[in-house]
Amino acid sequence: MLAIRGITQVFGGLTALDDVTFTINRNDITGVIGPNGAGKTTLFNIISGIYTPTAGTISLDDRNITRLPPEKLATRGMVRTFQNIELFGQMTVLENVMVGLHTKSRCGIVSCAFKFPWQISEERRIRDSAQVWLQFCGIEELAGTTAANLPFGKGRLLEIARALAQEPQIIFMDEPAAGLNGRETLELALLIRKIRDRGITVVLVEHDMELVMDVCDRILVLNLGRKLAEGTPREIQENPAVIAAYLGEG
Amino acid sequence: MKREPVKYALLVAVALLAPLYFSGGYLMNVLVFVGINTLLVVALNLLLGFAGQISLGHAGFFGLGAYISAILTATHQVNPWLVMLIAALAVSALAFLIGFPVLKLKGHYLAMATLGLGIIIYIFFNEAVDITGGPSGFSGVPNLSIGALVFDDDVKNYYLVWSFTLVVILLAVNLSRSRIGRALRAIHDSEVAARVMGVNVRLLKVQIFALSAFISALAGSLYAHVMTFVAPASFGFHFSVELVTMVIIGGLGSVYGSLLGAALLTLLPEMLRAFQDYDIIIYGLILILATMFMPGGLVRGIPAVLAAILPKKQERG
Ligand SMILES: Nc1ncnc2c1ncn2[C@@H]1O[C@H](COP(=O)(O)OP(=O)(O)O)[C@@H](O)[C@H]1O
Ligand SMILES: [Mg+2]
């Protein structure tokens, strides 16, 4: 579904990614793991159109999307969450998810200012589906809370709800379990499976090995910007290079 | 949910009835300018309060509207209503074109660029003497009229200006509570997340800049016809700063706050006249105190103050 070919990213003198090639299969849950600084977030930034890679291509269903900006990728069904939560802090939880429906609605400045009838019905539809996605992520009772006041774990869930509202075909999550407690992590694992069961392809960067090995179908291991290994969780656990890298890290 | 129409209906009622109390007095004239300034502050708030993009050049857009109306109606006798529309469209087209390079800038750089834009426009008003009349200004602008009704006194001008102000307030409130308003606030909070959600941030910023310039130019045209005279001094850098102050004092991102900010900062200098030489100091002090104690602006500060002062009814029961 998503083919990453020869991706290289150089920041000044630092090669954050070096010739990474990898394929993500439709409807898989794919994990991207590796020590801090391995280049995982950089890879997500490139795939989601925030950075343009120094070299290499990304294609979605055989269409080249390497240079498309994030707002274009959104219309093609690609969405992501952020390692350092990027919520719309001054808006309510519900409004955050309503922004997630931006690509699913049309009204422009004029129809919104004059509140034309079709704008009113569209607005109602946006509100209703936002509510549904809040329920899906189990945070509907927080709808009226200002996003900046959310506890950390709920903020992560809101990021996911907002992303899902776009009804993407593929969602990238950057460390969704970071900062969550044990119970929240278990609930997250359930949610990730639920997302996949809706036919959405999931890619996640994660440090929590238990979670990764538990939910992922396939795993990509990065180390110092290079692809160290790829395979099923079992293959990865038995891969000598991976064991060496992780043991070497201490 | 139902609070919004009530709030707006109250505002309309107060605006319609105000002349009953103030007509004939000097305040009537000031209230005309409260209306014009409210238009400008709402316009700037769409950009600054919602999208989080500063402009220190809005006095320039205001001035362009005023001069285009003044010149085309006084020297070329074009229909003033038509000119008003043309001026607003032309100024917003200009803002749209300038917006693409300028709104790429952020923070201080954006402030500097829009400041520069305002200054260039101001210099043009001063130096293009043949067209604008230069520093001494441009007089003989006709009053607006509808058939036999000529808007030539304070009360008529009040109703003229405030019909525009009330309509613009309503449209701005609608906009703020729509997907466009949410997209603007999203840009303010996290540009990158807004883009990932599919908001074309670059285009939307430019569109809102153009809309803001449109409303500012409209205010300028009204100003020219109300005053029947325009001069560069009204459109200088310091007025741009005053508009930013009104937005902040009123409440960033609040349409009704814009009205409060414009009203306070327009009425205050008039009321402080009695203090003569000290007025500017008292004015400054009030601004400092307001920003210190009402960081969210009047629109959030006044209810908080009222809640603190008024006795709480629930406590007894
Ligand atoms: N925008 C940037 N400019 C310069 N260096 C960067 C930038 N983004 C990431 N890096 C560097 O690239 C390397 C990989 O970072 P990152 O992708 O965030 O790692 P990970 O997410 O795997 O922990 C790090 O050394 C980091 O400092
Ligand atoms: Mg990272």
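Note: the structure precedes this text.
Reading guide: rules and limits
- Residues numbered from 1 in each chain as written.
- Chains lettered and ligands numbered in written order.
- Predicted model: local features only at pLDDT ≥ 70, side-chain atom pairs only at ≥ 80, totals over all residues.
- Heavy atoms only, no water.
- Helix = DSSP H or I, 4+ residues; strand = E, 2+ residues; numbered from the N terminus.
- Expected span 1.5 Å × (residues − 1).
- Contact = heavy atoms within 4.5 Å.
- Buried < 20%, exposed > 50% of the residue type's maximum accessible area, 1.4 Å probe, protein only.
- Pairing = 2+ DSSP bridges.
- Disulfide = S-S within 2.5 Å.
- Buried area = accessible area lost by both parts, 1.4 Å probe.
- Polar contact = N/O pair within 3.5 Å; in protein donor to acceptor, adjacent residues only side chain to side chain.
- Nonpolar A, V, L, I, M, F, W, Y, C, P; charged D, E, K, R; others polar.
- Axes fitted to C-alpha atoms, helices over the stretch in contact; angles between N-to-C directions.

K.L.:
Just give me the short version of helix H5 (residues 107-127) of chain B, but keep the residues and values in it.
P.N.:
With 21 residues, H5(B) ought to run about 30 Å at 1.5 Å a step, and its terminal C-alpha atoms sit 30 Å apart, in line with that. Against helix H3 (58-74), helix H4 (80-102), helix H6 (129-132) and helix H11 (237-250) of chain B lie the buried residues of H5(B).

K.L.:
So what about the pairing of strand S9 (residues 218-223) of chain A? Which residues, and what values?
P.N.:
Residues and elements named next belong to chain A. Of all six residues in S9, five are buried, a share of seventy percent or more. Here strand S3 (residues 29-33) runs beside S9; their pairing, made up of four bridges, is parallel. Directly across from Gly-31, in S9, lies its bridge partner Ile-219. Bridge count between S9 and strand S10 (residues 226-231): five bridges; the pairing is antiparallel. The residue bridging Ile-219 from the neighbouring strand is Gly-231, located in S10.

K.L.:
Tell me what's going on with the state of the cysteines, and back it up with residues and numbers.
P.N.:
Residues and elements named next belong to chain A. Scanning all chains against the criterion turns up zero disulfides over all chains. In this model Cys-112 remains outside any disulfide bridge; the closest cysteine sulfur is found in Cys-107, 5.3 Å from its own. Under the relative-accessibility criterion, Cys-112 is labelled buried at 0%. Of all cysteine sulfurs, the one in Cys-216 lies closest to Cys-137, which takes part in no disulfide; the gap is 18 Å.

K.L.:
Go over the interface of chain B and chain A with me, naming the residues and quoting the values.
P.N.:
If you look at the interface, chain B gives 25 residues, while chain A gives 36 residues. A combined buried area of about 2700 Å² lies between chain B and chain A, and 64% of that area is made up of carbon and sulfur atoms. Three residues stand out in chain B for area buried against chain A, namely B:Arg179, B:Arg182 and B:Met197, and they jointly supply 30% of the buried area on that side. Between chain B and chain A we count twelve residue pairs in polar contact (both at pLDDT 80 or more) in total. Every element with two or more residues in the side of chain B that touches chain A is listed here: helix H7 (154-176), helix H8 (179-189), helix H9 (191-196) and helix H10 (201-227) of chain B. With seven residues, the single largest contributor to the side of chain B that touches chain A is H8(B). Tallied by class, residues from the side of chain B that touches chain A come to 13 nonpolar, six polar and six charged.

K.L.:
Quick rundown of the sheet that holds strand S7 (residues 170-174) of chain A? Include the residues and the values.
P.N.:
Residue and element names in this part refer to chain A. Ordered in space as S6-S7-S8-S3-S9-S10, the six strands form an open sheet in which the pairing is mixed. Because the sheet does not close on itself, it has two edges, and the strands there are strand S6 (78-80) and S10. Averaged over all pairs of adjacent strands, the angle between their axes in this sheet comes to 15°, without regard to strand direction. Strands in contact with helix H1 (residues 40-47) are S3, S6, S7, strand S8 (201-205) and S9; relative to S7, the strand with the most contacts, it is inclined by about 150°. Each of S6 and S7 is contacted by helix H6 (residues 152-164), which is oriented at about 160° to S7, the strand it contacts most.

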